[in-house]
Amino acid sequence: MSVAVFVSGGGSNMQTLIDANFDIKLVISSAKNAYALERAKNHNIDGFYVGKRNFEDIDAQTDEIMRLLEEYKIEYIVLAGYLSIITEKLISKYEHKIINIHPSLIPSFCGMGYYGHHVHEGVYNSGVKVTGATVHFVNQGVDTGEIILQDTVCIENTDTPDTIAQKVLKIEHKILPKALDLLINDRITVKNGRTYIK
Ligand code: GRF
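So, here's what we can say about the structure. Position labels on residues start from 1 in each chain and follow its written sequence. Owing to the predicted nature of the model, reporting of local features is limited to residues with pLDDT of at least 70; listing and counting of side-chain atom pairs is limited to 80 or more, with chain, interface and lining totals taken over all residues. Side-chain descriptors were evaluated using all non-hydrogen atoms of the structure, hydrogens and water having been removed beforehand.

Digging into the nonpolar core
As a reminder, the rule being used: Residue types Ala, Val, Leu, Ile, Met, Phe, Trp, Tyr and Cys, when buried and joined through side-chain atoms within 4.5 Å, form a set referred to as a nonpolar core. With a 1.4 Å probe rolled over the protein chains alone, any residue whose accessible area is under 20% of its type maximum counts as buried; one over 50% counts as exposed, and the rest are partly exposed. Secondary structure elements are defined from DSSP: runs of H or I of at least 4 residues count as helices, runs of E of at least 2 residues count as strands, and each element is numbered from the N terminus.
Ranked by internal contacts, the top residues of the largest apolar core, which has 40 residues, are Val5, Ile24, Ile99 and Leu180. A per-element tally of this core places helix 6 (residues 161-184) first, with 10 residues. Residues Leu68, Ile77, Leu79 and Ile98 belong to the second largest nonpolar core, which totals 20 residues.

See below:
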């Protein structure tokens, strides 16, 4: 059940997967100095930077990523704060084998421009009383794949985008391992744009 995790930042979501003893064989970062690569190294997991500075364009990056996925015999891919593009070529090869954690309740506060802290700023400015996180399959759209798991947090009047981010990150760390466990144990079926958990 070999897993690859794609990262771009601190890697706290990846850390929860490592701590849950998933068979993570490979880490790919779109950011050269992502702390997530340090975390991988600390756990003797091979990590690679694949990005603009070492591959000329997204097609060359995709070819390198696919080469690495083959070499490490990867079956499942988790996007955990990954900020680069997943191309159609990669998606079609790993259909319904790639999941992403998004820090809002999709379909709210997602899509183009809604990543990282921008999500929580949008949530804060909107005045909603509940937000949360979503794990979904990755398809050719931005945050549009079938939803697998969601969980919520309440927003208090004392909250700020920063405190909202902290609350949501705790939810992310809860639902991502659960969703990956469902995926690798083949407990998710997809029908008409909806997932069914067996
Ligand atoms: C998380 O908030 C995740 O939802 C978003 O980027 C952040 C990644 O955090 N996509 P980390 O790198 O896993 O700590």
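Focus on the site of the ligand
This is how it is decided: Whether a residue is near a molecule or strand depends on its heavy atoms: if one lies within 4 Å, it is near. Two N or O atoms form a polar contact when they lie within 3.5 Å of each other; inside protein one atom must be a possible hydrogen donor and the other a possible acceptor, and for residues adjacent in sequence the pair counts only when both atoms belong to side chains. Areas reported as accessible are Shrake-Rupley estimates using a 1.4 Å probe. Residue values count occlusion only from the protein chains shown. For this scheme, ten residues count as nonpolar: Ala, Val, Leu, Ile, Met, Phe, Trp, Tyr, Cys and Pro. Four count as charged, namely Asp, Glu, Lys and Arg, and the remainder, Gly too, count as polar.
Within the structure, the ligand sits among Gly9, Gly10, Gly11, Ser12, Asn13, Gly81, Ile101, Pro103, Leu169 and Glu172. Gly11 is positioned with one of its backbone polar atoms (N or O) 2.8 Å from an oxygen atom of the ligand. In the model, an oxygen atom of the ligand is placed 2.9 Å from a nitrogen or oxygen of the Asn13 main chain. For the ligand, the protein covers 81% of the area, taking 370 Å² as the surface of the free molecule. Sorting the residues of the shell around the ligand by element identifies helix 1 (12-19) and helix 6 as the ones contributing at least two each. For the shell around the ligand, the per-class residue count stands at three nonpolar, six polar and one charged.

Describing helix 3 (residues 58-71)
Convention followed: A helix is expected to span 1.5 Å multiplied by its residue count minus one. Whether two residues are in contact is decided by their heavy atoms: any pair within 4.5 Å suffices.
Here helix 3 contains 14 residues, and its C-alpha end-to-end distance of 20 Å stays within 8% of the 20 Å for a straight helix at 1.5 Å per residue. Of the positions making up helix 3, those classed as buried are Ala60, Gln61, Thr62, Glu64, Ile65, Met66, Leu68 and Leu69. Where helix 3 is buried, its residues meet strand 1 (3-7), strand 2 (24-29), strand 3 (46-49), strand 4 (76-79) and helix 4 (88-93).

Description of the packing of helix 5 (residues 117-126) against helix 6
Heads up, the rule is: The axes used here are C-alpha line fits, helices contributing only the stretch in contact, and every angle between their N-to-C directions lies in the interval 0 to 180 degrees. Helix crossings fall into two classes, left-handed where the near helix is turned counterclockwise from the far one by less than a right angle and right-handed where it is turned clockwise.
The interhelical angle for the contact between helix 5 and helix 6, taken along N-to-C directions, is 115°, at an axis separation of 9 Å. Between helix 5 and helix 6 the crossing geometry is right-handed. Along the contact surface, helix 5 presents His117, His120, Glu121, Val123 and Tyr124, while helix 6 presents Pro161, Asp162, Ile164, Ala165 and Val168. Considered class by class, the residues forming the contact of helix 5 with helix 6 number six nonpolar, two polar and two charged.

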